[in-house]
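What the coordinates show
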Amino acid sequence: MTIQNQPEVQDQYEAYPYPSRDPRDEKKRLITGSPSNLAELNHYLFSGNRDFSQPFRALVAGGGTGDATIMLAQQLADASPDGKGHEGQVTYLDLSSASRKIAEARAKERGLTNITFMNGSLLDLPGFGLEAFDYIDCCGVLHHLNEPKDGLKALTSVLKEEGGMGLMVYGKYGREGVYEMQSLLRDLGKNCTTLSEQITLTRRLLEKIPASNSFHRNPFVIDHKASDAELVDLLLHSCDRAYTVPEVIELVSSASLNIASFIEPIRYQLETYLKDPKLQQSSVGLSRMEKAAVAEKLASNMKLHMFYVTRKKNTIADLSTTDRSKMETLIPIFRDMSAQQLSNNLKKTTTLKSNLDGVPLNLPLPRLASAIALRCDGRKNLSNIYAELRELDQRLEWSIFAQQFEIFFKTFNNLNHLFLRR
Ligand SMILES: C[S@@+](CC[C@H](N)C(=O)[O-])C[C@H]1O[C@@H](n2cnc3c(N)ncnc32)[C@H](O)[C@@H]1O
């Protein structure tokens, strides 16, 4: 098995499995997030058409201590007819046997039986003889390879033609100060013989760090505060690099893939940060991705880039149809949000206030927001929702409802809370 000349990366994750997790916590909670939420990946990669009670094969490449593996396997088990996920299978792959042990123990705690655990390098995937996958999750891994493009090509080699991936790599501007700090720690840590000595030195230094230090002044990077594993991952890594939006696009294109969407979409839209009409005017003519690149520079707070990629183009479920019969069959589905709770919260407000790592948001809500939210239970389609609202107001025309739903959908989808399925 090739480990591609990165034994120090493997050694790090053997000694400090990432992220730090206690399998007993599975009794108390399920860790959820992006990418790899089923409703979310269905929306972005399969136009909302995927039925997860049917066969589905997922790979988590560089699965670490198991967050994405456990989340995917649990969701697929819940969606499968036998409640165990025999239709929905997850393959876990990681270099680190210590990380795999923790991921396996977490699966055992949950009684999940739909996961195959493997140790090895994702670079060797083309030679493993595995059946191709519908979906691949690879988060926080490619940027630790000597040649990230080779890694993405290896992943693509085991992706089905119609499949897609959820990826995450570090973002350059939001990690300001991190690389200076890594370099500083290499200088100061020359006499340390073990990672554990380097950790002690780093903690000591962080207590005495000058207020002017660029890492100290960066409020977005706080991962190192969680535990030794997180500190090592952020500040003592032997191999990591960060990407700008154009560099992400170049990486993705090198494997002949397309970006379906960045997550959360609102972060990558110029209008989020540019409200001045004159300034907005200067962005006329820029493509969606060029605008995303400017948005990244303007916000300067993206410490990572999360995005869905596919071979095919136009894989997103969207509302861009004026055809009523097509629109009626769409089913809106919230991620990690109670429709009832949200509906109550929206009763007394006309805008939605939120905050994107220091950027305040004030997003428009339609008049019917609360009534629509209450009915987005993941089962009712737009035809059902319209029929219920018409019972309350006989004068409500489809065109008005469609207009109101569009505003509602745009606001919540841009924040990555609301998706569509069929
Ligand atoms: C920062 S952790 C991310 C873990 C997990 N994906 C997550 O987001 O929680 C990176 C993981 O990638 C694994 N890794 C690094 N290079 C790899 C490779 N070539 N093949 C497979 N796994 C690799 C490491 O062992 C480590 O567990």
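Everything quoted here is computed from the prediction, not taken from an experiment.

How each quantity is defined
Residues numbered from 1 in each chain as written. Predicted model: local features only at pLDDT ≥ 70, side-chain atom pairs only at ≥ 80, totals over all residues. Heavy atoms only, no water. Patch = residues over 30% accessible without salt bridge, like charges linked within 9 Å, V, L, I, M, F, W, Y side chains within 5 Å. Areas by Shrake-Rupley, 256 points an atom, 1.4 Å probe, with all protein chains shown as cover. Salt bridge = Lys/Arg side-chain N within 4 Å of Asp/Glu carboxyl O. Buried < 20%, exposed > 50% of the residue type's maximum accessible area, 1.4 Å probe, protein only. Near = heavy atom within 4 Å. Polar contact = N/O pair within 3.5 Å; in protein donor to acceptor, adjacent residues only side chain to side chain. Nonpolar A, V, L, I, M, F, W, Y, C, P; charged D, E, K, R; others polar. Phe/Tyr/Trp six-rings, centres within 6.5 Å; stacked < 30°, edge-to-face > 60°. Helix = DSSP H or I, 4+ residues; strand = E, 2+ residues; numbered from the N terminus. Expected span 1.5 Å × (residues − 1). Contact = heavy atoms within 4.5 Å. Pairing = 2+ DSSP bridges. Domains from an automatic or database assignment. Axes fitted to C-alpha atoms, helices over the stretch in contact; angles between N-to-C directions. UniProt positions renumbered as here; feature names shortened; annotations may be inferred. Lys, Arg positive; Asp, Glu negative; His and termini not counted. 1 Å grid on protein atoms, 1.4 Å probe; cavity = no way out; pocket = protein on both sides within 12 Å on 5 of 7 lines; lining within 4 Å. Points joined across faces, edges and corners; volume = space filled by probe spheres on them.

Points about a nonpolar patch on the surface
Together, Leu286, Val294 and Leu298 make up an exposed nonpolar region whose accessible area comes to about 210 Å². Valine 294 gets classed as partly exposed once you look at its relative accessible area, which sits at 34%.

Some words on the site of the ligand
In the vicinity of the ligand, 17 residues are found, and the nearest of them are Gly62, Asp94, Ser121, Leu122 and Cys139. In the model, a nitrogen atom of the ligand is placed 2.7 Å from a nitrogen or oxygen of the glycine 62 main chain. Leucine 95 is positioned with one of its backbone polar atoms (N or O) 3.4 Å from a nitrogen atom of the ligand. For the ligand, the protein covers 92% of the area, taking 600 Å² as the surface of the free molecule. Among the residues forming the shell around the ligand, the class breakdown is eight nonpolar, seven polar and two charged.

A closer look at the packing of aromatic side chains
Scanning all chains against the criterion turns up 16 aromatic pairs. Arranged with centres 5.3 Å apart and planes meeting at 90°, the rings of tyrosine 386 and tryptophan 398 form a pair that is edge-to-face. One end of the pair, tyrosine 386, is in helix H16 (residues 382-392); the other, tryptophan 398, is in helix H17 (residues 398-414), with twelve residues separating them in the sequence. Note on tryptophan 398: relative accessible area 11%, which makes it buried.

Looking at helix H4 (residues 97-110)
With 14 residues, H4 should cover 20 Å at 1.5 Å per step; its first-to-last C-alpha distance of 20 Å lies within 8% of that length. Buried-residue contacts for H4 involve helix H1 (7-15), helix H3 (67-79), strand E2 (88-94) and strand E3 (115-119). For H4, the side-chain oxygen to backbone nitrogen distance between the N-cap and alanine 98 is 3.4 Å, and the N-cap itself is serine 96. Positive phi shows up at glycine 111, right after H4, with a value of about 70°.

Structural notes on the pattern of salt bridges
Scanning the model with the defined rule gives 32 salt bridges in all. Salt-bridge contacts for arginine 311 lead to glutamate 161; the nearest nitrogen and oxygen are separated by 3.8 Å. Separated by 150 residues along the polypeptide, arginine 311 in the loop between strand E7 (304-310) and helix H13 (324-328) and glutamate 161 in strand E5 (residues 159-170) bring together distant segments of the chain. For arginine 203, the salt bridge goes to aspartate 228, with nearest N and O atoms at 2.8 Å. Of this pair, arginine 203 sits in helix H7 (residues 195-207) while aspartate 228 sits in helix H9 (residues 228-235), placing them 25 residues apart in sequence.

What about the pairing of strand E9 (residues 351-356)?
Inspection of the sheet shows E9 paired to strand E10 (residues 359-364) by six bridges, in the antiparallel sense. Bridging across to E10, leucine 352 finds its partner in leucine 363. Hairpin remark: E9 followed by E10, antiparallel, with two residues in the connecting loop; positive phi at aspartate 357, about 40°.

What about the domain arrangement of the protein?
What the domain assignment reports for the protein is domain 1 (7-170 + 243-310), domain 2 (173-235) and domain 3 (324-421). Computed from C-alpha atoms alone, the centre-to-centre distance between domain 2 and domain 3 is 44 Å.

Thoughts on the sheet that holds strand E4 (residues 133-139)
The sheet built from seven strands is open, its strands ordered E3-E2-E1-E4-E5-E7-E6 with mixed pairing. Whereas interior strands pair on both sides, the edge strands pair on one side only; in this sheet they are E3 and strand E6 (258-263). Strand-to-strand twist of the sheet, defined as the mean angle between neighbouring strand axes without regard to direction, takes the value 20°. For E2 and E3, the ladder comprises five bridges, and the chain directions are parallel. Note that in E3 the partner of threonine 91 across the bridge is threonine 116. Across the face of the sheet, helix H5 (residues 148-156) comes into contact with strand E1 (56-61), E4 and E5 while running at roughly 150° to E5. In this fold helix H10 (residues 245-254) packs onto E5, E6 and E7, with an angle of close to 140° to the strand it touches most, E6.

Quick look at the UniProt feature "domain: Methyltransferase type" (unreviewed entry) in the protein
Per the UniProt record, "domain: Methyltransferase type" (unreviewed entry) is annotated on residues 61-163. Counting secondary structure, residues 61-163 comes out at 35% helix and 24% strand; the distance between its end C-alpha atoms is 15 Å.

Here we look at the side chain of aspartate 94
Residue position: aspartate 94 is located in strand E2. One buried charged residue, aspartate 94, remains without a salt bridge, the closest side chain of opposite sign being arginine 100 at 9.7 Å. Sequence-distant contacts of aspartate 94, defined by excluding residues within four places in its chain, comprise Gly62, Gly63, Gly64, Ser99, Met118, Asn119 and Gly120.

What to know about the layout of surface pockets
If you add up the space inside the second largest pocket, you get close to 980 Å³. In terms of lining residues, the second largest pocket is bounded by 35 residues, among which Pro265, Gln269, Glu271, Lys410 and Asn414 are the most central. Contributing elements (two or more residues each) for the lining of the second largest pocket: helix H2 (38-45), E6, helix H12 (288-299), E10 and H17. Looking at the lining of the second largest pocket element by element, the count peaks at seven residues for H17. Along the lines of polarity and charge, the residues of the lining of the second largest pocket split into 18 nonpolar, ten polar and seven charged. Here the lining of the second largest pocket spans two domains, and each of domain 1 (7-170 + 243-310) and domain 3 (324-421) adds at least three residues to it.

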